[in-house]
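# Residue-level structural notes
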Amino acid sequence: MNEVVERAVERLAPLCGRGCTIGLILGSGLGDYAEKIENKRFVNYSELSGFPQSHVEGHKGRFVIGELFGKTVICMQGRFHYYEGYPQSQIALAVRVMKRLGVEKLLLTNAAGGVNLDFSPGDLMLISDHINFSGSNPLIGPNDDDFGLRFPDQSNVYDKTLREKVRETAESVGISLQEGVYMMFSGPTFESPAEIVFARTVGASAVGMSTVPEAIAATHCGIQTIGISLITNMAAGILDQKLTHEEVQETANQAAQKFSTLVDAIVKDVF
Ligand code: HPA
């Protein structure tokens, strides 16, 4: 068993009561959702030895443990990115910590660029599948058999049954959801227009720089996963304008209410 994971579990488990069954990872500009968690307990990543730190503006760097709709959740307010220089195996650590704390269902969220021309900034997209175009994989290295298989199946990373429930729940709270394939690029550059044409050609509906390593680590250890992308901008080359991190954050702020309603509904009715 990984020592960094074990030390983090030792620090976090006493704060989880009878166990945290739900995990949440909040993407760029979406971290404020954690404020809704009741009876919050905080642990900064900096307190966890051997844990990576999160440096991106708009990302806090801590676990938040508490209750939502009577369920105990552990939330990452701020995540680790491959472009920050961490091997993807380090990005997987937090998911493995969640597994050891009892997490059975995980909601991954991100800000993403819209590749599908029918999308608009502010849309929410349920991730149906992903294309790992990052050039790496969190499971590279010796396999930890305590967590899962050497060659894990990837046919149902974003659990089909849960996705059906998310669609129904979204409709019941009046939120329209797009659905599509999320393609991960390493970043930190935004993609080039030619890369976006390529992404569309190979079947992607949205592009981003996160989520895939966590989703792979989660399915590896048997956590059921749902992914939601907030389309913060149309991807490069679609509109005649530059892409900026400020635009990403601004759209995320504007969509915060809708995002929060959807996450509430998922935690309450799907998980
Ligand atoms: N590309 C990659 N990542 C992103 C984008 C994008 O256009 N928007 C938000 N995150």
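Remember, predicted model here, so these are calculated numbers, not experimental data.

Let us now look at the overall build of the protein chain. When its secondary structure is counted, the protein chain shows eight helices and nine strands. Here the C-alpha radius of gyration of the protein chain, 17 Å, is about what a compact globule of 271 residues would show, namely 18 Å. Structurally, the protein chain occupies a C-alpha span of about 50 × 40 × 35 Å along its principal axes. Roughly 11400 Å² of accessible area belongs to the protein chain as shown, and the carbon and sulfur atoms make up 49% of that amount.

A word on helix H6 (residues 212-220). Burial runs high along H6: nine of the nine residues are buried. Turning to H6, its buried residues number three or more, namely Val212, Pro213, Glu214, Ala215, Ile216, Ala217, Ala218, Thr219 and His220. Immediately downstream of H6, the backbone of glycine 222 shows phi near 80°, a positive value.

Tallied over the full model, the rule gives 10 salt bridges. Lysine 268 is the partner of aspartate 269 in a salt bridge, and the nearest nitrogen-oxygen pair spans 3.8 Å. When its relative accessible area of 45% is taken as the criterion, aspartate 269 is described as partly exposed. Salt bridges sharing common partners tie together Arg163, Arg167 and Glu179.

A few words now on the site of the ligand. Around the ligand lies a shell formed by Ala111, Ala112, Gly113, Phe190, Glu191, Val207, Gly208, Met209, Thr232, Asn233, Leu243 and Val248. In this structure, glycine 113 approaches the ligand through a main-chain N or O atom, which is 3.4 Å from a nitrogen atom. One nitrogen or oxygen atom from the side chain of glutamate 191 is found 2.8 Å from a nitrogen atom belonging to the ligand. In the complex, 95% of the free accessible area of the ligand, which totals 260 Å², lies under the protein chains. Mapped onto the shell around the ligand, the elements with two or more residues apiece are strand S5 (105-114), strand S8 (206-208) and strand S9 (224-234). By residue number, the principal contributor to the shell around the ligand is S5, which donates three residues.

Further remarks concern the pairing of strand S6 (residues 124-132). Pairing analysis gives eight bridges linking S6 to strand S7 (residues 177-184), with the strands arranged parallel. Across the sheet, residue isoleucine 131 finds its bridge partner in S7, namely methionine 183. Across three bridges, the pairing between S6 and S9 is antiparallel. Its bridge partner being in S9, leucine 124 is matched across the sheet by leucine 230.

The subject of this paragraph is the nonpolar core. Ranked by size, the top nonpolar core spans 49 residues in total, and within it Leu12, Phe51, Phe63, Ile74, Met76, Val97 and Met98 carry the most contacts. Among the elements that take part in this core, helix H3 (residues 93-101) stands out by supplying six residues, more than any other. Other than its neighbours up to four places away in sequence, methionine 76 contacts Leu24, Ile25, Leu26, Tyr45, Arg62, Phe63, Ala94 and Met98.

So, on to unusual backbone geometry. A cis geometry characterises the amide bond from glycine 187 onward to proline 188, with omega recorded as 0°. One can find proline 188 in the loop between S7 and helix H5 (193-201). Of note in this structure, asparagine 39 is not a glycine but carries a positive phi near 55°. Inspection of the secondary structure puts asparagine 39 in strand S2 (residues 38-44).

With that out of the way, let us pick up the packing of helix H4 (residues 160-172) against helix H8 (residues 256-270). One way to put it is that H4 packs onto H8 with a least axis distance of 10 Å and a crossing angle of 125°. Put simply, H4 runs oblique to H8. Considering the relative orientation of H4 and H8, their crossing is right-handed. Across the interface between the two elements, Leu162, Lys165, Val166, Thr169 and Ala170 of H4 pack against Leu262, Ala265, Ile266, Asp269 and Val270 of H8. In terms of residue class, the contact of H4 with H8 is built from seven nonpolar, one polar and two charged.

This next bit is on the side chain of arginine 96. By secondary structure assignment, the location of arginine 96 is in helix H3. No salt bridge is formed by the buried arginine 96, whose closest oppositely charged neighbour, aspartate 144, lies at an N-O distance of 4.5 Å. When sequence neighbours within four positions are dropped, the list of residues in contact with arginine 96 reads Val5, Leu139, Asp144, Phe147 and His220.

Conventions used here
Residues numbered from 1 in each chain as written. Predicted model: local features only at pLDDT ≥ 70, side-chain atom pairs only at ≥ 80, totals over all residues. Heavy atoms only, no water. Helix = DSSP H or I, 4+ residues; strand = E, 2+ residues; numbered from the N terminus. Rg over C-alpha atoms; globule rule 2.2 N^0.38 Å. Areas by Shrake-Rupley, 256 points an atom, 1.4 Å probe, with all protein chains shown as cover. Buried < 20%, exposed > 50% of the residue type's maximum accessible area, 1.4 Å probe, protein only. Salt bridge = Lys/Arg side-chain N within 4 Å of Asp/Glu carboxyl O. Near = heavy atom within 4 Å. Polar contact = N/O pair within 3.5 Å; in protein donor to acceptor, adjacent residues only side chain to side chain. Pairing = 2+ DSSP bridges. Core = buried A, V, L, I, M, F, W, Y, C linked by side-chain atoms within 4.5 Å. Contact = heavy atoms within 4.5 Å. Axes fitted to C-alpha atoms, helices over the stretch in contact; angles between N-to-C directions. Parallel < 35°, antiparallel > 145°, perpendicular 65-115°, else oblique. Left-handed = near helix turned anticlockwise from the far one by under 90°. Nonpolar A, V, L, I, M, F, W, Y, C, P; charged D, E, K, R; others polar. Lys, Arg positive; Asp, Glu negative; His and termini not counted.

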